[in-house]
Amino acid sequence: MAILVTGGAGFIGSHFIERMLAVGRTPIVCLDNFNDYYDPTQKRANIEGFRQHPQVHCLEGSFCDAAFVGRLFAEHSINAVMHLGAYAGVRTSIERPQIYAETNVVGTLVLLEAARRHPVERFVLASSSTVYGQGAVAPFVEDSPLGLPLSPYGATKRSAELLGLLYHQLHGVPVVCVRPFSVYGSRLRPDLALSIFTAAILAGRALPLFGDGSIRRDFTHVSDICAGLHAALDAPQAVGQCINLGHSEPYPMLVLIERLAAALGREAKIEYLPEKPGDMPITHANLDKAARLLGYHPQMSLEDGLREFVAWYRRTHRV
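Residues numbered from 1 in each chain as written. Predicted model: local features only at pLDDT ≥ 70, side-chain atom pairs only at ≥ 80, totals over all residues. Heavy atoms only, no water.

Caption draft 1: Quick peek at the overall build of the chain. What the chain contains, in helices and strands, is 11 helices and 13 strands. Among the 319 residues that make up the chain, the fraction classed as buried is 53%. For the chain, long-range pairs separated by at least 24 residues make up 82% of all intrachain contacts whose partners lie at least 6 apart in sequence. Working note: accessible area of the chain is about 13800 Å², and carbon and sulfur atoms make up 52% of it. Where the 29 positive side-chain charges of the chain centre and where its 30 negative ones centre are 3 Å apart. (Helix = DSSP H or I, 4+ residues; strand = E, 2+ residues; numbered from the N terminus. Buried < 20%, exposed > 50% of the residue type's maximum accessible area, 1.4 Å probe, protein only. Contact = heavy atoms within 4.5 Å. Areas by Shrake-Rupley, 256 points an atom, 1.4 Å probe, with all protein chains shown as cover. Lys, Arg positive; Asp, Glu negative; His and termini not counted. Charge placed at Lys NZ, Arg CZ, Asp CG, Glu CD.)

Here you go:
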């Protein structure tokens, strides 16, 4: 019996696998297609620490391929799924909506079908805070009315949630939908704001800031996210639920930049640019449900998390 981790070579996926290896002996199948959304070399570096580990079987392939996924479930006796694989990014989804629909919606459906045909004990589906969209009232409560997603990414993540909940209702697939909020930490994707800001500050360039910097984000360290994901694997009351995983302390982007610059020991120069479509004005997780169902309580402060991120960035980029 094994747990399948999709997107296992990604930012969150690689951290989650390391957590699983640290706490138990469950066999793990790490699945990734190593696409070129960002440099595949970085993804391969993410798994280097466990690629040869006896508990881990690393596979290169697509969860959109139904025949491949069916064989994988049967051959590896998959009894749990941690579905972290997806096309991410709000702005890119506006430019390339079709690949987001094919991966995030159809790919999720392929996995749910496999879990129906090869019953599993738990199917954790990683959604996104972007499902709350325009009109949702902050702090976001899972069972309150959702707004209209502001991007194809948010729409595909909500679609994936609905499929998961439907498969739970129709077929008894034990689905838990988790909604991570603005995840950061070591191995962060290079296309995300914190990576872009850090590179610009260290190079002495003006960093690009879309809007006036008042947009607020609920920055959550990857270690806290992985703790919540791990709890979702066996929390008895979580099945059939959507659950926030955030920090519940949104910061304006200008404050993030100020604290990042302090952690780097450099001055931040800012180039103010027009707001981009698709950006939500605030993300703010209500964590009452996560605390009640998962025992989830985030531990990493923004200051400590930024220090950890900066140390990793300097070490890996040699700056």
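Still more ground to cover, so stick around.
Caption draft 2: Up close: the nonpolar core. Within the largest apolar cluster, 70 residues are counted, with the highest numbers of intra-cluster contacts made by Ile3, Ile12, Phe16, Met82, Leu229 and Leu294. Look past the residues within four positions of Ile3 in its chain and what remains in contact with it is Phe16, Met20, Thr26, Pro27, Ile28, Val29, Ile78, Asn79, Ala80, Met82 and Leu233. Leu4, Phe63, Leu111 and Cys242 belong to the second-largest nonpolar core, a separate cluster that totals 27 residues. (Core = buried A, V, L, I, M, F, W, Y, C linked by side-chain atoms within 4.5 Å.)

Caption draft 3: Structural context of helix H9 (residues 253-264). Taking 1.5 Å per residue, 12 residues should reach 16 Å; H9 reaches 16 Å between its end C-alpha atoms and fits that length. Among all positions of H9, only Met253, Leu256, Ile257, Leu260, Ala261 and Leu264 are buried. Projection of H9 onto a plane perpendicular to its axis shows the buried side chains occupying an angular sector of 130°, all on one side. For H9, exposure combined with an orientation more than 90 degrees from the buried face picks out Glu258 and Ala262. At the exit of H9 stands Gly265, carrying a positive phi of roughly 70°. (Expected span 1.5 Å × (residues − 1). Arc of directions from axis to C-beta.)

Caption draft 4: The packing of aromatic side chains, seen in detail. Counted according to the given criterion, the structure contains nine aromatic pairs. On the basis of an interplanar angle of 85° and a centroid distance of 5.7 Å, the ring pair of Tyr37 and Tyr87 is categorised as edge-to-face. Taken together, the residues Tyr37 in the loop between strand E2 (28-32) and helix H2 (40-46) and Tyr87 in the loop between strand E4 (78-83) and helix H4 (90-95) connect sequence positions 50 residues apart. With a relative accessible area of 8%, Tyr87 lands in the buried category. On the numbers, 6.2 Å between centres and 40° between planes, the contact of Tyr132 with Phe181 is tilted. On the criterion of sequence distance, the pair formed by Tyr132 in the loop between strand E5 (122-126) and helix H6 (152-171) and Phe181 in the loop between strand E6 (175-180) and strand E7 (183-184) is long-range, its members being 49 residues apart. (Phe/Tyr/Trp six-rings, centres within 6.5 Å; stacked < 30°, edge-to-face > 60°.)

Caption draft 5: Molecular detail of helix H3 (residues 66-75). Turning to H3, its buried residues number three or more, namely Phe68, Val69, Leu72 and Phe73. Seen from one end, H3 has its buried residues packed into an arc of 130°, which puts them on one side. Tucked into the core, H3 has its buried residues touching strand E1 (2-6), E2, strand E3 (56-60), E4 and helix H5 (97-117). Two to three positions downstream of the cap, the backbone nitrogen of Ala67 sits 3.2 Å from a side-chain oxygen, assigning the N-cap of H3 to Asp65. One or two steps after H3, the chain reaches Ser77, where phi turns positive at roughly 50°. (Polar contact = N/O pair within 3.5 Å; in protein donor to acceptor, adjacent residues only side chain to side chain.)

Caption draft 6: Structural view of the sheet that holds E6. The seven strands lie next to each other as E3-E2-E1-E4-E5-E6-E11, forming an open sheet whose pairing is parallel. A strand with exactly one partner marks an edge of an open sheet, and here the two such strands are E3 and strand E11 (242-245). Neighbouring strand axes in the sheet, compared pairwise and without regard to direction, differ in orientation by 20° on average. Where E2 lies against E3, five bridges are found, and the strand directions are parallel. By the bridge assignment for E3, Val29 is matched with His57. Sheet contacts for H6: E5, E6 and E11; angle to E6, the most-contacted strand, approximately 160°. (Pairing = 2+ DSSP bridges. Axes fitted to C-alpha atoms, helices over the stretch in contact; angles between N-to-C directions.)

Caption draft 7: Quick peek at unusual backbone geometry. The peptide bond linking Ala138 to Pro139 adopts the cis configuration, its omega dihedral lying at -5°. Here Pro139 lies in the loop between E5 and H6. The residue Phe34 is not glycine, and still its phi comes out positive at about 50°.

Caption draft 8: Geometry of the state of the cysteines. Tallied over the entire structure, the rule returns zero disulfides. Cysteine Cys242 is unpaired, with the sulfur of Cys177 as its nearest cysteine sulfur at 4.2 Å. (Disulfide = S-S within 2.5 Å.)

Caption draft 9: Main features of the pairing of E1. For E1, the buried fraction is high: five of the five residues fall into the buried class. Because side chains alternate across E1, one face comprises the buried residues Ala2, Leu4 and Thr6, and the other comprises Ile3 and Val5, equally buried. As paired elements, E1 and E2 share four bridges and run parallel to each other. Residue pairing for E2: Val5 is matched across the bridge by Cys30. Viewed along the sheet, the connection from E1 through helix H1 (residues 11-23) into E2 turns out right-handed. (Right-handed = clockwise from strand over helix to strand, strands pointing away.)

Caption draft 10: Quick peek at the environment of Ala101. Of note, Ala101 is situated in helix H5. It is 9.5 Å that separates the C-alpha atoms of Ala101 and Ala160, two residues lying 59 residues apart in sequence. If we ignore the near neighbours within four places in the chain, the residues touching Ala101 are Val106 and Thr156.

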